[in-house]
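Geometric and topological summary
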There are 4 protein chains.
Amino acid sequence: KRAREYGIRIGVLPTGVLNAITDVQGVRVGHTTLVQGQEVRTGVTAIVPHAGNVFQQKIPAAVYVGNGFGKLAGSTQVVELGNLETPIVLTNTLSVGTAMKAVVEYVLRQPGNEAVQSVNALVGETNDGGLNDIRGRYITEQHVLAAIEQAQAGPVAEGNVGAGTGTVCFGFKGGIGTASRLLPAKLGGYTVGVLVQTNFGGVLQVNGAPVGQELEQFYLSQQLKDRADGSCMIVVATDAPVDARNLERLAKRAFLGLGKTGGIATNGSGDYIIAFSTHPGLRVPYASTATTQTTTTLTNEAMSPLFLAVIEATEEAIINSLFKAETMQGKQQQRIEALPLDKVLKILKQHHAR
Amino acid sequence: KRAREYGIRIGVLPTGVLNAITDVQGVRVGHTTLVQGQEVRTGVTAIVPHAGNVFQQKIPAAVYVGNGFGKLAGSTQVVELGNLETPIVLTNTLSVGTAMKAVVEYVLRQPGNEAVQSVNALVGETNDGGLNDIRGRYITEQHVLAAIEQAQAGPVAEGNVGAGTGTVCFGFKGGIGTASRLLPAKLGGYTVGVLVQTNFGGVLQVNGAPVGQELEQFYLSQQLKDRADGSCMIVVATDAPVDARNLERLAKRAFLGLGKTGGIATNGSGDYIIAFSTHPGLRVPYASTATTQTTTTLTNEAMSPLFLAVIEATEEAIINSLFKAETMQGKQQQRIEALPLDKVLKILKQHHAR
Amino acid sequence: KRAREYGIRIGVLPTGVLNAITDVQGVRVGHTTLVQGQEVRTGVTAIVPHAGNVFQQKIPAAVYVGNGFGKLAGSTQVVELGNLETPIVLTNTLSVGTAMKAVVEYVLRQPGNEAVQSVNALVGETNDGGLNDIRGRYITEQHVLAAIEQAQAGPVAEGNVGAGTGTVCFGFKGGIGTASRLLPAKLGGYTVGVLVQTNFGGVLQVNGAPVGQELEQFYLSQQLKDRADGSCMIVVATDAPVDARNLERLAKRAFLGLGKTGGIATNGSGDYIIAFSTHPGLRVPYASTATTQTTTTLTNEAMSPLFLAVIEATEEAIINSLFKAETMQGKQQQRIEALPLDKVLKILKQHHAR
Amino acid sequence: KRAREYGIRIGVLPTGVLNAITDVQGVRVGHTTLVQGQEVRTGVTAIVPHAGNVFQQKIPAAVYVGNGFGKLAGSTQVVELGNLETPIVLTNTLSVGTAMKAVVEYVLRQPGNEAVQSVNALVGETNDGGLNDIRGRYITEQHVLAAIEQAQAGPVAEGNVGAGTGTVCFGFKGGIGTASRLLPAKLGGYTVGVLVQTNFGGVLQVNGAPVGQELEQFYLSQQLKDRADGSCMIVVATDAPVDARNLERLAKRAFLGLGKTGGIATNGSGDYIIAFSTHPGLRVPYASTATTQTTTTLTNEAMSPLFLAVIEATEEAIINSLFKAETMQGKQQQRIEALPLDKVLKILKQHHAR
């Protein structure tokens, strides 16, 4: 079960209906999960920002680099142009090239894109090489295309799925997690949704409670000495009309949400945040010959409530990834335990954190 | 009393002897506090990185901009050259110019600087205009020079002193706070010290406990609707041999410490982190004609323990600023209450956070 | 006379009527020039972006740091918020604090700003310490206020005036220069104006002709060995509706214009570009309580002609600063010759560059 | 023939022996050129920084984004960690994924890398879709591996080879170009080498002469209205002991060299500069357990001569790419003429530019 189903209420803002990135209208998520034999524990997760042709109707987007040890392909163009033109794909470190190829293939063959000659595939990754035979590079273009094409609205599978299949977080089994926040109507009624691929370390806190310490498993403790590395990809969606500059600011705040779970962004952790707005009025048409565009966007001042929302949703998405992940055994008999929920819930109760 | 004196233990690493930025050998701190009549509640805090002539013996330094609503003078040169050549001065928003003038004066008249024609004064600020008649601009160059010249090693005054005299944090009286962490000998035995000037908002957490919520005073709650703005200047010192590039990464992690207290870096908050290394082997001599410099610095990989240290020290420094600040009345009868420690301690106990 | 009066035609685009930054409607420029005794050769230049209250009606703006050895105060807030709220002031390196104080004073006392408690003064500088007794700090707040208040539309004084009074460029007397470009009506008919404060070195080229080499005065030649340092402040104004993100891109192209004059951005040169749009539809009202703003801005694609315009205008503004500057003698009998126009014109003729 | 063989002498510094990036000891370059039927005009260029195992002996490196419309994979990790761990590969826009896969394959199978689980492939591109059926994606991993494995020291093939096979520059046939500069012994005797893949537009200048204007072919002229887009990848190598921070500054100056050829970095141009140091004392060992590293690096002040060198070498490399490229016909009968050298030489003579 997810954290909230245990009565854990992170933050002060209400969630969206699904408490998922898919609460942001039009956003769809698809997973391809590869669990084969003893050695293959990996996958692909695709986030499709809207139902149309994303290349033809680009969306405002930004990237914030929390810690750049990682291989986020496509980031510089998003930063320069302030927009995103493909689905976002997450996978393992050594499969970024394959995923780029698949995203390019996907875009080239979409109806309407017959003349397209340039595609900026945005592909992130974390390293699942602890449980997965990552050097085997089992991800194929078909796996990536399947994740994109099967992406759907509604509840999002969490834990050991998609790009989170083989990941490790705070020494426990990590994975995919998601959450959302809904602003009050008088603040616009906007939704912020977050999806994470958790694969990092630090000193785990759950809703403020010192779970990592109580479980005696944290960075620099005996048990975990060298295990804090890894990465965290964070995808932030909002239906608020936010331009690229303010999306970058929003992305930066998600990093604070990671911090609240006890993440410390170690040297070896690729911590990236991708943020985008699905607001229909902000689409950037590819084919347009107009030299100007008229948009209605949030002012700088109006961003602050969204900042709070993204911090809360990121924190909860990370916790959800841990709550939903299950113990997994993988390559070379490596076994990563799920977060021991019974103990954790006891700790949380002790700390009045649920 | 400081947080730790109440048995509050933030994080997993031990503190330095003083639990202050001055645990980093050679670092001195000086305050000028201006409390005059009903209207003047402001001051200056100076951090002097080493006992020598800082202009002649520059030190590696970096700046990370958490949120750039703020007037940190001198940041671009620090970023470009990777070093710092003056004491760091913090004051109120409208007195940055005065402080720059004073720092220039200070450098020009230091023995050995007779030929100096360029000075990069690093001056930060937060806005104390809630309690202080900031438009009156009561800070003089003498006040700034006094803070620099009276800077000393040893325990650091916290709360309503220096640049923290009139600040407000999470709706309570903020101020100056400090803390430090000491790495285990096998990880180098390095010290990381942090000093903060707290003047921001969000949803206060103390060592994980939801104090802001329990006190029903937080961003977007009834009481505090528009009070999360303000700023947080964070100064990070270390004796570890860290070059400018890795100091920037260290600075960025301090932002996570702010996040752990519930700070959300609202639009109007100028959240800056300045980090420097006092390691004697990394001094950058001004007068040298050598075209190369030989240095021994930490590898990327060796930074991770320092990242944990700076997050913990920043969190605790912010909490210390709140614990040590006292209720203050200022301009136009504005009154900002100190954090109600009795209630807070009760909340912390309830949450097993002390 | 200015370069164009000698028949030198830089680039392919036409100039505005004045060939000055003031071709951008509403932009005003003011200078305070200090030439006193043998030792004082300095000044202040103010660029006022529009006729209204700039704090109440902020304008989109960006800063690009070509080389950050320099003390541009206020840059981080412009970058974060994407707007400018004060006149831009240029002066000498050690007078930035004084200029900040004056700009704050100016804003606080403007009608309508009675409640303002935070001012982000944008103050740039170059080091005129070769000719000017810069340590004497002769600039007063009155000098700065005078430059702002006397700013006017129309032709802009160039050469040894204002902040360019004591500067040196390519080993010759530098100063203030300006130029503009006008896009064809079918590309929007926009104007781009540039003003520069030139104080840097390299290998001078005038409209492509190798003037520095022919005069045997260039960086790393016998004569000039250590004289390439210094700085170049570049202010770019446009009436095109360009948002902050694209203004940053525009600013970055101005750096290419500096390169075309033979500037090499040496370590010691503070090369900054500030760009802003005066388009009335993009004003950011301070007092507004609206949470959204509707704007019509140029698309990414429509920026390219402006990129060409700013490169050309920057190149010509720098050349104008050299053509208009006159030989000056200053502190310690230092004498900097004006560019020897007769020789230069001969070289240009030889190279068909006029 | 190359520009210098026609007596064109760009800049004031001498070239290295080969006037090529391979003048930097240890640097090797390999090309795979694909010219097949009427439609395939593309290729791969690999730059291998040293003869050893680059993953095990990483090198200091930096990336500067001139204009981020482009798909440079791997840039964020280079920026974060300050080093490069693979050969640099250039190819066409839609083949970046394939090239990443090949670079990963290359690294995984190098002896000594049997345990490697993370590879940051640095792959740049420009869009050759004018002459090449880019949507056909003819580049295979074998093509990429061949370019890496056949890389060699000595003279570098220029023009229509490798990643420059199908590119267009200033409306003429572009391609691969290279050049180098050698600093005087008293300034360290360092070499700076540059290799470019030219595929951009603007207003062509050759050694200062207005060739684009004289040929009536330039951005915004009748003939070329929409043809300035494209990209320029610039690779800078030096044997000087330069750390990552100063390599970034070096990279930024290369952008000025592009500007001197008349490049304007249009919206659609992906202009990236990758700079690295081959100095043996700066290698970053992968397998090391040491927490510190001792290095001897150039001071900030000592960088300025290198700045001049990289500007000159970049300018000349671009010009060489044009001089060496030959007229090519490609997909859909598209034909791009080579720079008409006879006319150009006449123009240069007229302008005393040779």
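The model shown is predicted, which means the values in this text are computed figures rather than measured ones.

**Quick word on the overall build of chain A**
Within chain A, the secondary structure is distributed over seven helices and 16 strands. Radius of gyration (C-alpha) of chain A: 19 Å, near the 20 Å computed for a compact globule of 354 residues. Viewed in the frame of its principal axes, chain A has a C-alpha envelope of about 60 × 50 × 35 Å. Expressed as a percentage of its 354 residues, the buried residues of chain A come to 71%. In chain A, the proportion of contacts linking residues at least 24 apart, taken out of those at least 6 apart, comes to 79%. Of the roughly 10,200 Å² that chain A leaves accessible, carbon and sulfur atoms contribute 48%. If the 30 positive side-chain charges of chain A are averaged to one point and the 28 negative ones to another, these points end up 4 Å apart.

**Things to note about the interface of chain A and chain B**
Listed by partner, the interface residues are 42 residues for chain A and 42 residues for chain B. Counting the surface lost from both chain A and chain B, the interface buries some 3,500 Å², and carbon and sulfur atoms represent 55% of this. If you look at where chain A meets chain B, you find zero salt bridges. Inspection of the region where chain A meets chain B yields 22 residue pairs in polar contact (both at pLDDT 80 or more). At the level of elements, β3 (57–68), α5 (244–260) and α6 (304–324) of chain A are the ones that each hand at least two residues to the side of chain A that touches chain B. It is α5(A) that provides the largest number of residues to the side of chain A that touches chain B, a total of seven residues. Partitioned by chemical class, the residues of the side of chain A that touches chain B number 17 nonpolar, 17 polar and eight charged.

**Here's the deal with the interface of chain D and chain A**
In this assembly, 39 residues from chain D lie in contact with 39 residues from chain A. The contact between chain D and chain A buries some 3,200 Å² in all, and 49% of this surface belongs to carbon and sulfur atoms. Three residues, D:Thr76, D:Gln117 and D:Arg135, lead the burial of chain D against chain A; their summed loss comes to 21% of the area buried on that side. Linking chain D to chain A there are two salt bridges. A salt bridge links A:Glu105 to D:Arg137, with the nearest nitrogen and oxygen atoms 2.7 Å apart. Linking chain D with chain A are 28 residue pairs in polar contact (both at pLDDT 80 or more). Within the residue set of the side of chain D that touches chain A, elements represented by two or more residues are β3 (57–68), α1 (75–81) and α2 (96–109) of chain D. Of all the elements, α2(D) adds the most residues to the side of chain D that touches chain A, at eight residues. Residues belonging to the side of chain D that touches chain A are distributed by class as follows: 14 nonpolar, 17 polar and eight charged.

**Things to note about the relation of the copies chain D and chain A**
It takes a turn of 180° to lay chain D on chain A, together with a shift of 0.0 Å along the axis; the resulting RMSD is 0.0 Å. Read as a symmetry element, the transformation amounts to a two-fold axis. Among all residues of chain D, the one whose C-alpha sits closest to the rotation axis is D:Gly97, at a distance of 2.0 Å. The share of interface residues of chain D whose copies in chain A are also at the interface is 100%, consistent with both copies meeting through the same surface.

**Remarks on the side chain of D:Thr178**
All names here are of chain D. With respect to the element layout, threonine 178 can be found in strand β9 (residues 176–182). Judged by its relative accessible area of 1%, threonine 178 falls in the buried class. In contact with threonine 178, not counting residues within four places along its chain, are Arg2, Asn19, Ala20, Ile21, Val156, Glu158, Val194, Leu195, Ala317 and Asn320.

**Quick notes on the relation of the copies chain A and chain B**
The two copies are related by a screw motion: chain A maps onto chain B through a turn of 180° and a shift of 0.0 Å along the axis, at an RMSD of 0.0 Å. Mapped onto chain B, 100% of the interface residues of chain A are again interface residues, and the two copies thus contact each other with one and the same surface.

**Some thoughts on the pattern of salt bridges**
Side-chain pairs of opposite charge can arise where the charged atoms are in close proximity. Scanning all chains against the criterion turns up 44 salt bridges over all chains. Residues D:Arg4 and D:Glu316 are paired through a salt bridge, measuring 2.7 Å at the closest nitrogen-oxygen approach. One end of the pair, D:Arg4, is in the segment before β1 (28–36); the other, D:Glu316, is in helix α6 (residues 304–324), with 312 residues separating them in the sequence. For D:Glu316, a relative accessible area of 0% corresponds to the buried category. Residue D:Arg181 is joined to D:Glu316 by a salt bridge in which the shortest nitrogen-to-oxygen separation is 2.7 Å. On the criterion of sequence distance, the pair formed by D:Arg181 in strand β9 and D:Glu316 in helix α6 is long-range, its members being 135 residues apart. Of the two residues, D:Arg181 and D:Glu316, both sit in the buried class. Via salt bridges that share partners, A:Arg4, A:Arg181, A:Glu312 and A:Glu316 belong to a single interconnected network.

**Describing the packing of aromatic side chains**
To describe a pair of aromatic rings, one takes the distance between the centres and the angle between the planes. A complete count under the given rule lists 16 aromatic pairs over all chains for this structure. Seen from their ring centres, C:Tyr6 and C:Phe323 are 5.7 Å apart, and the 55° between their planes marks the pair as tilted. In this pair, C:Tyr6 sits in the segment before β1 (28–36) while C:Phe323 sits in helix α6 (residues 304–324), placing the two residues 317 residues apart along the sequence. For C:Tyr6, a relative accessible area of 18% corresponds to the buried category. In this structure C:Phe323 comes out as buried when scored by relative accessible area, which is 4%. Between D:Phe55 and D:Tyr286, the ring centres sit 4.7 Å apart and the planes meet at 65°, which makes this aromatic pair edge-to-face.

Here is what the cut-offs are and how they apply
- Residues numbered from 1 in each chain as written.
- Chains lettered and ligands numbered in written order.
- Predicted model: local features only at pLDDT ≥ 70, side-chain atom pairs only at ≥ 80, totals over all residues.
- Heavy atoms only, no water.
- Helix = DSSP H or I, 4+ residues; strand = E, 2+ residues; numbered from the N terminus.
- Rg over C-alpha atoms; globule rule 2.2 N^0.38 Å.
- Buried < 20%, exposed > 50% of the residue type's maximum accessible area, 1.4 Å probe, protein only.
- Contact = heavy atoms within 4.5 Å.
- Areas by Shrake-Rupley, 256 points an atom, 1.4 Å probe, with all protein chains shown as cover.
- Lys, Arg positive; Asp, Glu negative; His and termini not counted.
- Charge placed at Lys NZ, Arg CZ, Asp CG, Glu CD.
- Buried area = accessible area lost by both parts, 1.4 Å probe.
- Salt bridge = Lys/Arg side-chain N within 4 Å of Asp/Glu carboxyl O.
- Polar contact = N/O pair within 3.5 Å; in protein donor to acceptor, adjacent residues only side chain to side chain.
- Nonpolar A, V, L, I, M, F, W, Y, C, P; charged D, E, K, R; others polar.
- Least-squares fit on C-alpha atoms with pLDDT ≥ 70 in both.
- Phe/Tyr/Trp six-rings, centres within 6.5 Å; stacked < 30°, edge-to-face > 60°.

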